[in-house]
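Per-entry structural report
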Amino acid sequence: FAPEERERGVVAASAGNHAQGVAYAARGLGIAATIVMPVTTPSIKVDAVRALGARVVLEGDTFADASAVAARLSRDAGLIPIPPYDDPDVIAGDGTVAAEILAQIVPDAIFVPVGGGGLLAGIAGYAAAVAPSVRVIGVEPADAASMGASLRAGEPVTLQEVGLFADGVAVARPGDHPFA
């Protein structure tokens, strides 16, 4: 980040894991972080983000609702957006999960939860480069299987409805970068 970007701060939308990562990194870099989370986010995740020093905004029932608020805050307040999955740098960072796994063991398969697809893309990309014999298998809840629906359609599709039980992967549409 350029100095003027650090002054503005960052914003992210997330139901928990990305939120905690952004809050942790921002704290370490001395950057103000605003995290927009759906009101349905479990309090343990909200509390963890607050404990890391981020400002939490609870808005909307879904990740899509929270994302729209984060986009508005970025536009109106000049905050730098940190996307949770549809960004090549985020995907590359997600690949470090595979690096950690493969440093310990070369399994037959790695099972990856799929929301927007960034974690899956990062792990699959790293594993393909370093250990191509390892199968990478995406796992989605039946009521939020946007990546599976997109793969069947041959392009990213948006689900009309998404279940919220598995809140961290309750994403109606996978990202373009992860889909590719």
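Before reading further, recall that the structure is shown in the block above.
Presented here is an overview of the structure given in this document. (Residues numbered from 1 in each chain as written. Predicted model: local features only at pLDDT ≥ 70, side-chain atom pairs only at ≥ 80, totals over all residues. Heavy atoms only, no water.)

**Notes on the overall build of the protein**
A tally of regular secondary structure across the protein gives eight helices and six strands. If you list the helices and strands of the protein from N to C, you get α-β-α-β-α-β-α-β-α-β-α-β-α-α. Its C-alpha atoms give the protein a radius of gyration of 16 Å, near enough to 16 Å, the size a compact globule of 180 residues would have. Along the first, second and third principal axes, the C-alpha set of the protein runs to 45 × 35 × 30 Å. Counting all 180 residues of the protein, 42% fall into the buried class. Charge-centre separation for the protein: the mean point of 11 positive side chains lies 4 Å from the mean point of 20 negative side chains. (Helix = DSSP H or I, 4+ residues; strand = E, 2+ residues; numbered from the N terminus. Rg over C-alpha atoms; globule rule 2.2 N^0.38 Å. Buried < 20%, exposed > 50% of the residue type's maximum accessible area, 1.4 Å probe, protein only. Lys, Arg positive; Asp, Glu negative; His and termini not counted. Charge placed at Lys NZ, Arg CZ, Asp CG, Glu CD.)

**Observations regarding the packing of helix α5 (residues 88-104) against helix α6 (residues 118-130)**
Contact geometry for α5 and α6: axes closest at 7 Å, N-to-C directions at 55°. Taken together, the axis directions place α5 and α6 in an arrangement best described as oblique. Crossing geometry of α5 relative to α6 is assigned as right-handed. Across the interface between the two elements, Ile-91, Asp-94, Gly-95, Val-97, Ala-98, Ala-99 and Leu-102 from α5 touch Gly-118, Leu-119, Ala-121, Gly-122, Ile-123, Tyr-126, Ala-127 and Val-130 from α6. Counted by class, the contact of α5 with α6 contains 11 nonpolar, three polar and one charged residues. (Axes fitted to C-alpha atoms, helices over the stretch in contact; angles between N-to-C directions. Parallel < 35°, antiparallel > 145°, perpendicular 65-115°, else oblique. Left-handed = near helix turned anticlockwise from the far one by under 90°. Contact = heavy atoms within 4.5 Å. Nonpolar A, V, L, I, M, F, W, Y, C, P; charged D, E, K, R; others polar.)

**Quick word on the pairing of strand β5 (residues 109-113)**
Burial along β5 is one-sided: Ile-110 and Val-112 are buried, and none of Ala-109, Phe-111 and Pro-113, which face the opposite way, are. Here five bridges tie β5 to strand β6 (residues 135-139), and the two strands are oriented parallel to one another. Bridging from a neighbouring strand, Ile-110 pairs with Val-136 of β6. (Pairing = 2+ DSSP bridges.)

**Considerations on the pattern of salt bridges**
All told, the structure shown has two salt bridges when counted by the stated rule. With a shortest N-O distance of 3.5 Å, Arg-75 and Asp-76 are connected by a salt bridge. Each member of the pair, Arg-75 together with Asp-76, is exposed. Arg-173 is the salt-bridge partner of Asp-176, the closest N and O atoms lying 3.0 Å from each other. (Salt bridge = Lys/Arg side-chain N within 4 Å of Asp/Glu carboxyl O.)

**Brief notes about the nonpolar core**
It is characteristic of soluble globular proteins that their nonpolar side chains tend to be buried jointly. Grouped together as the largest cluster of nonpolar side chains are 16 residues, with contacts concentrated most on Val-10, Ala-33, Ile-35, Met-37, Val-49 and Ala-54. Contributing elements (two or more residues each) for this core: β1 (10-13), α2 (17-29), β2 (33-37) and α3 (43-51). By residue number, the principal contributor to this core is α2, which donates four residues. Beyond its immediate chain neighbours, meaning those up to four positions away, Ile-35 contacts Ala-12, Ala-19, Val-22, Val-49, Ala-54, Arg-55, Val-56 and Val-57. (Core = buried A, V, L, I, M, F, W, Y, C linked by side-chain atoms within 4.5 Å.)

**With respect to the packing of α2 against α3**
In the contact formed by α2 and α3, the axes pass within 9 Å of each other and the chain directions differ by 10°. Overall, the two elements α2 and α3 adopt an arrangement that is roughly parallel. Of the residues in α3, those touching α2 at Ala-19, Gln-20, Ala-23 and Arg-27 are Lys-45, Ala-48, Val-49 and Ala-51. In the contact of α2 with α3, the residues fall into five nonpolar, one polar and two charged.

**So, the side chain of Ser-14**
Mapping Ser-14 onto the fold places it in the loop between β1 and α2. Looking at Ser-14, its side chain comes within polar contact range of the main-chain nitrogen of His-18, at 3.4 Å. A polar side-chain atom of Ser-14 sits 3.0 Å from the main-chain amide nitrogen of Ala-19. Ser-14 has contacts with Ala-19, Val-36, Met-37, Pro-38 and Phe-63, leaving out every residue within four places of it along the chain. (Polar contact = N/O pair within 3.5 Å; in protein donor to acceptor, adjacent residues only side chain to side chain.)

What is shown is where atoms sit, not what they do.
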